[in-house]
Amino acid sequence: MSKIVGIDLGTTNSLVATVDSGIPYVIADASGRRLTPSVVHLGAAGQPVVGFEANRARALHPRETVYSVKRFMGRRGADIPREDMLVTYPVQGTGAGPVTIPVRGREWTPEEVSAEILRKLKTDAETALGVEVTRAVITVPAYFNDAQRHATIRAGELAGLKVERIINEPTAAALAYGLNKLQDQSKIAVFDLGGGTFDLTLLELNQGVFQVLSTHGNTRLGGDDLDTRLTEFLAVKIHEAGGPDLRRFGAAFRGGEAEAAPTPEDLQRIARVREAAEKSKISLSLETLTDVTLPFLTPQFSFRYQLSRSELEALTRDILLRTRTHCLQALADAKVDASQLDQVVLVGGQTRMPLVRALVTEWFGCREFEESRGDVRLGEDYHRPSGPLLNTGVNPDEAVALGAAIQAEILSGGMTNLLLLDVTPLSLGIETFGGLMNVIIPRNSTIPVKAGEVFTTAVDRQRSMLIHVLQGERERARDNWSLGRFDLDFEEAPKGVPRVGVQFEIDANGILHVLARDLKTGHQRIVDMKSAVDVSDADVQKMIEESVEHAFDDLKARQWIEAKVRAGETLAATRKGLAEHGAELDEAYRRRVETAMQAVEAALETEESRTRVGDAARLKGANQGLDEATLQLAELMMDRAMEEMLRKQGMIQ
Ligand code: ADP
Ligand code: MG
């Protein structure tokens, strides 16, 4: 069996790793570098240039050098926030169309650009291992949706790699830390802050098996944001020192287009300042002072500034604080208190920053912090049992790749009795009567997972059922994200008669397969949500915050819609009954039924508009009143139906 390598295809850096004789290690390229910047320079002639050389080219050829392409993977133009479009290279894409990067007369897809990075890693691995490499495990952020995971698989295929498994980055990191050797029931938090993404994942070890308890994060929060902040700060300092005014390009610091159109020289300068900003940020993880030097920013001006660690910390603290709500949310989701954690592990290059370590230590009440800075917390925490251990044993920028390599080794049969379980970040379900979300797989379910339910029709003579697949935490369908929709045809039948089984299956790669089956005929359709990239890619965080914020309104909406659907059914049945058997009823009873119907109709009118719900309690009361009033009518209808049936069978005349 051929070798499977593990690949961390990062927003900022990518790595390839393997396991040899049970020891995982990152494979270096011919120049001995273990990290490949995820940058591709699409030059004038010949092959695209990938990695360090491409990163160099960034300053000189900003429009032809693609970085952070991971942000565009598997996304439609309409889903991309404006900030993400602000890069120094051109990005096209509107509406439902895919994103493309037009460079030198060719429209590159994000997958094609990523494939260039993967091809380099593949070649580096082949050179180092001396064998052909055709199979890989690739990691993705926990919040990547179906379309993004599929785009990653496609990128692998384009690079000539069979993608054996897609795994979540924090899950891979936990494997690299060897946390499977901890005691049973150990709980671990993985704090991953890279260049472009942040995730916090809580894991529990059960009989040698990792279980993800919860996962939370933001796919647009990372070291890049610190670089931007520092670049903006330096632009001000450059201006103060009599240098070129780069401040007016505002948005250009976030990557690209600005109010004032920058000249190619301006773009080069901005890229140089940004590069210097990142370099000094990295230096300040070890030093407390660093020199920012930018010789000949213009022919007349060279820049020099002494930056201190505390200045950097003051500038970027608020960005780092944004990771905290995600930590709290993940803990709340898993119903775990930070003090119950055994370990917190740090992953991602940005976690080398001392302030990040200090904040994590403080938030999680980690042991290391209390020992070294006990004076700060003495008093309130004096009696608190010691918190989780802050584990920084594995190189934070290599952990994910090493974990991928270990997973690859497990798949090759090289390592056994270690299994990874992941969870779904958001609930999945379908739209039902009245536009409600019916959850089939709840959020934070362990995958792979399979779940189903049986549905019926609400209208007579329906010939098909629309299966509208949704993702999200809101009660109403329209407030959730639409993953796709398809119809299942069946024979025409009265309402409530057709029975359609809907089954959701999330495979080991986190990809959703939806099956809908007419239980009468067995006719079925299975739709892989692959082609349905119709997912709004708004933040998962936003979705959850909104679901909390609107919990009360959502509940009221659900109660109203349910009561409304019920009212519609009862009213229709009552009208039918009165039309057919009205003559058989005595006048007083008839009036009683009609009054009950009027009460329901009046309650229905409390709905102000399609979006504003009505008085659910009143409608429920009226529904109940109508149910009671029609008891006698319902019995009569049953009797008549029974007679009809017996007559048909020739048993009575
Ligand atoms: P990604 O997973 O997004 O590809 P990485 O884990 O490689 O990212 O982290 C890259 C980020 O880490 C960059 O923003 C980089 O500037 C930052 N970084 C790398 N080394 C250090 C360091 N020593 N101190 C602070 N930040 C660092
Ligand atoms: Mg990473």
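Up top you'll find the structure we're talking about.
Residues numbered from 1 in each chain as written. Chains lettered and ligands numbered in written order. Predicted model: local features only at pLDDT ≥ 70, side-chain atom pairs only at ≥ 80, totals over all residues. Heavy atoms only, no water.

1. Notes on the overall build of the chain
(1) Moving on: Secondary structure summary: the chain contains 17 helices and 29 strands in total.
(2) Moving on: Within the span of the chain, comprising 653 residues, buried residues form 53% of the whole.
(3) Moving on: Long-range pairs, those at least 24 residues apart, make up 65% of the contacts in the chain between residues at least 6 apart in sequence.
(4) Moving on: When the accessible surface of the chain is totalled, it reaches about 29,500 Å², and 50% of it is carbon and sulfur. (Helix = DSSP H or I, 4+ residues; strand = E, 2+ residues; numbered from the N terminus. Buried < 20%, exposed > 50% of the residue type's maximum accessible area, 1.4 Å probe, protein only. Contact = heavy atoms within 4.5 Å. Areas by Shrake-Rupley, 256 points an atom, 1.4 Å probe, with all protein chains shown as cover.)

2. A closer look at the sheet that holds strand β29 (residues 524-528)
By definition, the strands of a sheet pair up through backbone hydrogen bonds, in either a parallel or an antiparallel sense.
(1) Moving on: The 4 strands are arranged β24-β27-β28-β29 in an open sheet whose pairing can be described as antiparallel. A strand with exactly one partner marks an edge of an open sheet, and here the two such strands are β24 (449-455) and β29. Neighbour-to-neighbour, the strand axes of the sheet open up by a mean angle of 15°, direction not taken into account.
(2) Moving on: The pairing of β24 with strand β27 (residues 500-506) spans 7 bridges and is classified as antiparallel. Each bridged residue has a counterpart across the sheet, and for F455 the counterpart in β27 is V500. (Pairing = 2+ DSSP bridges. Axes fitted to C-alpha atoms, helices over the stretch in contact; angles between N-to-C directions.)

3. Focus on the nonpolar core
(1) Moving on: Formed by 49 residues in total, the largest nonpolar core has its most connected members in F191, L202, L234 and F364.
(2) Moving on: Ranked by the residues each element gives to this core, the list is headed by helix α8 (residues 309-334), at 8 residues.
(3) Moving on: If near-sequence neighbours (up to four positions away) are discounted, L202 is found in contact with I188, A189, Q211, V212, L213, S214, A330, L331, A334, V336 and L341.
(4) Moving on: M73, L118, A159 and V163 belong to the second-largest nonpolar core, a separate cluster that totals 42 residues. (Core = buried A, V, L, I, M, F, W, Y, C linked by side-chain atoms within 4.5 Å.)

4. Structural notes on the sheet that holds strand β21 (residues 428-432)
(1) Moving on: Taken in spatial order, the 4 strands line up as β22-β21-β25-β26 in an open sheet, and their pairing is antiparallel. Edge positions in the sheet fall to β22 (436-441) and β26 (481-493), since each of these pairs with one other strand and no more. On average, each strand axis in the sheet is inclined to that of its neighbour by 30°, with strand direction left out of account.
(2) Moving on: By the bridge criterion, 3 bridges tie β21 to strand β25 (residues 462-471) in an arrangement that is antiparallel. Note that in β25 the partner of G429 across the bridge is L470.

5. Things to note about empty space enclosed by the protein
(1) Moving on: Following the criterion strictly, the structure yields 4 cavities of 30 Å³ or more and no others.
(2) Moving on: A volume near 190 Å³ is recorded for the largest cavity.
(3) Moving on: Size it by volume and the second largest cavity reaches roughly 70 Å³.
(4) Moving on: Around the second largest cavity, the lining residues are L9, G10, T11, S38, S68, V69, K70, M73, S114, I117, F144 and T152.
(5) Moving on: Among the residues forming the lining of the second largest cavity, the class breakdown is 5 nonpolar, 6 polar and 1 charged. (1 Å grid on protein atoms, 1.4 Å probe; cavity = no way out; pocket = protein on both sides within 12 Å on 5 of 7 lines; lining within 4 Å. Points joined across faces, edges and corners; volume = space filled by probe spheres on them. Nonpolar A, V, L, I, M, F, W, Y, C, P; charged D, E, K, R; others polar.)

6. Comments concerning the site of ligand 1
(1) Moving on: Taken together, 17 residues surround ligand 1, and among them T12, G195, E278, K281 and S285 come closest.
(2) Moving on: Within the contact set of ligand 1, an oxygen atom lies 2.9 Å away from a backbone nitrogen or oxygen of T12.
(3) Moving on: G196 places a main-chain nitrogen or oxygen 3.3 Å from an oxygen atom of ligand 1.
(4) Moving on: About the coverage of ligand 1: the protein hides 92% of its 570 Å² of free accessible area.
(5) Moving on: Of all the secondary-structure elements, those providing two or more residues to the shell around ligand 1 are α6 (223-240) and α7 (264-283).
(6) Moving on: Here the shell around ligand 1 gets 3 residues from one element, more than from any other, and that element is α7. (Near = heavy atom within 4 Å. Polar contact = N/O pair within 3.5 Å; in protein donor to acceptor, adjacent residues only side chain to side chain.)

7. Let's talk about the side chain of R269
(1) Moving on: Looking at where R269 falls in the secondary structure, it is placed in helix α7.
(2) Moving on: If near-sequence neighbours (up to four positions away) are discounted, R269 is found in contact with P244, L246, L297 and T298.

8. What about the packing of aromatic side chains?
Where two aromatic rings form a pair, the distance of their centres and the angle of their planes describe that pair.
(1) Moving on: The full count for this structure, using the stated rule, is 6 aromatic pairs.
(2) Moving on: Ring centres of F233 and Y305 lie 5.9 Å apart, and the angle between their planes is 75°; this geometry places the pair in the edge-to-face category. Of the two residues, F233 sits in helix α6 while Y305 sits in strand β16 (residues 301-308), which places them 72 residues apart along the sequence.
(3) Moving on: Judged by relative accessible area, F233 falls into the buried class, the value being 17%.
(4) Moving on: Centre to centre, the rings of F303 and Y305 are 6.4 Å apart; their planes meet at 5°, and the pair counts as stacked. (Phe/Tyr/Trp six-rings, centres within 6.5 Å; stacked < 30°, edge-to-face > 60°.)

9. Observations regarding the pairing of strand β2 (residues 13-20)
Successive side chains on a regular strand alternate, one facing one side of the sheet and the next facing the other.
(1) Moving on: Most of β2 is tucked away, with 6 of its 8 residues classed as buried.
(2) Moving on: Alignment of strand β1 (residues 4-9) against β2, held across 4 bridges, turns out to be antiparallel. Each bridged residue has a counterpart across the sheet, and for I7 the counterpart in β2 is V16.
(3) Moving on: Linking β1 back to β2 in an antiparallel pair, the connection comprises 3 residues.
(4) Moving on: With 2 bridges connecting them, β2 and strand β4 (residues 36-37) associate as antiparallel partners. Opposite S14, over in β4, you have T36 as the bridge partner.
(5) Moving on: Taken together, the 4 bridges between β2 and strand β3 (residues 23-26) define a ladder with antiparallel strand orientation. Within β3, the position partnered with T18 by the bridge is Y25.

10. Comments concerning the pattern of salt bridges
(1) Moving on: As enumerated under the stated definition, the model contains 29 salt bridges in all.
(2) Moving on: A salt bridge links E64 to R104; its shortest N-O distance comes to 3.2 Å. Taken together, the positions of E64 in the loop between α1 (52-60) and β7 (65-67) and R104 in the loop between β8 (101-103) and β9 (106-108) put the pair 40 residues apart, joining distant regions of the chain.
(3) Moving on: For the salt bridge of R352 with D397, the shortest nitrogen-to-oxygen distance reads 2.8 Å. One end of the pair, R352, is in the loop between β17 (343-347) and α9 (354-364); the other, D397, is in the loop between β18 (389-391) and α12 (399-411), with 45 residues separating them in the sequence.
(4) Moving on: Accessibility expressed as a relative area gives 38% for R352, which makes it partly exposed. (Salt bridge = Lys/Arg side-chain N within 4 Å of Asp/Glu carboxyl O.)

11. A short note on unusual backbone geometry
(1) Moving on: Positioned with a positive phi, R104 is a non-glycine residue whose angle comes to about 50°.
(2) Moving on: In this model, R461 sits at a positive phi of 55°, which is unusual for a non-glycine residue.
(3) Moving on: Within the secondary structure, R461 sits in the loop between β24 and β25.
(4) Moving on: Owing to a relative accessible area of 60%, R461 belongs among the exposed residues under this scheme.

12. Some thoughts on the side chain of Q350
(1) Moving on: As for its position among the elements, Q350 is in the loop between β17 and α9.
(2) Moving on: What Q350 contacts, discounting residues up to four positions off in sequence, is L193, G194, G223, L226, K281 and V356.

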